[in-house]
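What follows is each chain in one-letter form.
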Amino acid sequence: MSRSTRMSRSALGAVAVTAISALTLTACGSGSGSGSGSASAGGGSGQVKVGLITKTDTNPFFVKMKEGAEKSAKEHGAQLLTAAGKFDGDNAGQVTAIENMVASGVKGILVTPSDSKAIVPAIQKARAKGVLVIALDTPTDPQSAADALFATDNLHAGELIGEYAKAAMKGKAAKIATLDLAPGVSVGVQRHDGFLKGFGIGAGDKSIVCSQDTGGDQAKGQTAMENCLQKNPGINLVYTINEPAALGAYTALKAKGREKDVLIVSVDGGCTGTRAVKDGKIAATSQQYPLKMAAQGVDAVVTYAKSGKKASGYTDTGVTLVTDKAQAGVTSKDTGFGLKNCWG
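Residues numbered from 1 in each chain as written. Predicted model: local features only at pLDDT ≥ 70, side-chain atom pairs only at ≥ 80, totals over all residues. Heavy atoms only, no water.

Novice: What is the right way to read the sheet that holds strand S10 (residues 284-287) from this model?
Specialist: The strands that make up a sheet pair up through hydrogen bonds in the backbone, lying either parallel or antiparallel. Overall, mixed pairing links the six strands, which are arranged S7-S6-S8-S9-S10-S12 in an open sheet. The strands lining the two open edges of the sheet, one partner per strand, are strand S7 (208-213) and strand S12 (320-322). For this sheet, the mean angle separating the axes of adjacent strands, direction not counted, is 15°. The sheet contact formed by strand S6 (residues 176-180) and strand S8 (residues 237-240) spans four bridges and is parallel. Residue Leu179 lies in a different strand from S8, and its bridge partner there is Thr240. Across the sheet, helix H5 (residues 186-199) lies against S6, S7, S8 and strand S9 (263-268), angled at about 145° from S8, the strand it touches most. (Pairing = 2+ DSSP bridges. Helix = DSSP H or I, 4+ residues; strand = E, 2+ residues; numbered from the N terminus. Axes fitted to C-alpha atoms, helices over the stretch in contact; angles between N-to-C directions. Contact = heavy atoms within 4.5 Å.)

Novice: Can you help me understand the side chain of Asp137 in this one?
Specialist: Topologically, Asp137 is positioned in the loop between strand S4 (132-136) and strand S5 (148-151). Separated by 3.2 Å, the side chains of Asp137 and Thr138 make a polar contact. (Polar contact = N/O pair within 3.5 Å; in protein donor to acceptor, adjacent residues only side chain to side chain.)

Novice: Got a minute to help me understand the pattern of salt bridges in this structure?
Specialist: Going through the model one piece at a time under the given rule, you end up with seven salt bridges. We note a salt bridge from Asp147 to Arg127, for which the minimum N-O separation is 3.0 Å. Highlighted residues: Asp147 in the loop between S4 and S5 and Arg127 in helix H3 (residues 120-128), separated in sequence by 20 residues. The exposure class of Arg127 is partly exposed, given its relative accessible area of 29%. Arg191 is the salt-bridge partner of Asp268, the closest N and O atoms lying 3.3 Å from each other. Residue Asp268 is located in strand S9, and its partner Arg191 is located in helix H5; the two are separated by 77 residues in the primary sequence. Relative accessible area serves as the criterion here: at 1%, Asp268 is assigned to the buried category. Overlapping salt bridges bring together Arg127, Asp147 and Lys310 as one network. (Salt bridge = Lys/Arg side-chain N within 4 Å of Asp/Glu carboxyl O. Buried < 20%, exposed > 50% of the residue type's maximum accessible area, 1.4 Å probe, protein only.)

Novice: Would you mind showing me how to read the packing of aromatic side chains here?
Specialist: Between two aromatic rings, the relevant description is the distance of the centres plus the angle of the planes. Tallying each qualifying case throughout the model produces four aromatic pairs. Ring geometry for Phe61 versus Trp343: centroids 5.0 Å apart, planes at 85°, classification edge-to-face. Residue Phe61 is found in helix H1 (residues 60-76), and its partner Trp343 is found in the segment after helix H10 (335-340); the two are separated by 282 residues along the sequence. Here Phe61 matches Trp343 in class, with each residue buried. Between the aromatic rings of Phe195 and Tyr239, the centroid separation amounts to 5.0 Å while the plane-to-plane angle is 25°, which identifies the pairing as stacked. Here Phe195, found in helix H5, pairs with Tyr239, found in strand S8; they are 44 residues apart in sequence, far enough to count as distant. (Phe/Tyr/Trp six-rings, centres within 6.5 Å; stacked < 30°, edge-to-face > 60°.)

Novice: It is not clear to me how the sheet that holds strand S3 (residues 108-111) should be interpreted in this structure. Could you clarify?
Specialist: Pairing in this open sheet of six strands is parallel, and the strands run S2-S1-S3-S4-S5-S11 from one edge to the other. Of all strands in the sheet, those with a lone pairing partner are strand S2 (79-84) and strand S11 (313-316), marking the two edges. Pairs of neighbouring strands in the sheet enclose a mean axial angle of 20°, with direction left out of account. Sheet strands touched by H1: strand S1 (49-54), S2 and S4. Its angle to S1, the strand with the most contacts, is close to 175°. Lying over the sheet, helix H2 (residues 91-103) contacts S1, S2 and S3, oriented at roughly 175° with respect to S1.

Novice: Help me out: how do you make sense of the state of the cysteines in this one?
Specialist: Here a disulfide denotes one covalent bond, and it connects the sulfur atoms of two cysteines. A complete count under the given rule lists two disulfides for this structure. Disulfide pairing is shown between Cys210 and Cys228; the S-S distance is 2.1 Å. Disulfide Cys210 to Cys228: torsion about the S-S bond roughly -75°, handedness left-handed. Of this pair, Cys210 sits in strand S7 while Cys228 sits in helix H6 (residues 218-231); the two residues are 18 residues apart in sequence, bridging distant segments of the chain. Classification of Cys228 by relative accessible area gives buried; the value is 0%. Each disulfide pairs two cysteine sulfurs, and for Cys271 the partner residue is Cys342, the sulfurs being separated by 2.0 Å. Between Cys271 and Cys342, the S-S torsion sits near 90°, and that sign places the bridge as right-handed. (Disulfide = S-S within 2.5 Å.)

Quick look at the structure:
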């Protein structure tokens, strides 16, 4: 995840329970999945309705998030309606999904914003109608636009791998490539800034010899790394927004015979990425917990429906540095822990 790419305005299918809606409704936990731009709902009349809107329904991060929401909804006897964009960055689709979920009578909506600013007017309209809106993973801009935020501290996640990279370099002069997300996306900005802070440098530092956007995509990560190597073949440290970008970078480095002498650090903690740490392709990653975010979000909506008590502020759902090459002074867990707690 990444879980955000360049902003686009393509629409996805609406979420609603009317015949005019372009969606598929299925019982939560029935085994029937909802495709991109579709929705699923579970339970019968009288149950608390909870909406979950993710950026896509194919990224393993969001698959795990949906799994957490479904489990929590089942435990509470609540209905879950879900929607996902056709691609990462589909803000227009998320707006449509919010509007139609409100029309369908949800008590609360959990949303991972594709565009932290552009989604705000739709969220404000939902809140004005008494719907609790909780941002998951990615904060709105401003953060106060949603009732609450349940997410990884992405600045801290970046800081952890920055501290790790600094220690692992052992005083060697760094030539850094940053493989980032996309302009203006809060998750990417926070992780990038956190990495710089942890490494002890500022924006524009001369040790940063190349910066490229990848959208968190593996193929784009490979292309970005190839471009950076053409610009500066001496790169010895690579920060990546997520593990797909990291694996793309690894592929490009391996093609040049550089995979063993360049340090790659990343963020996410998916199972594929954690196995890549175990295999030595990525030196370290900051692991986050999407299932926990969604489960806690559903809990909060049900609590609101029953008691009127609204979740508010920021809830940190945790992050752990995972590596098999621990560095002195940097707290971490090994890949045994990481694989027990990974997702995807």
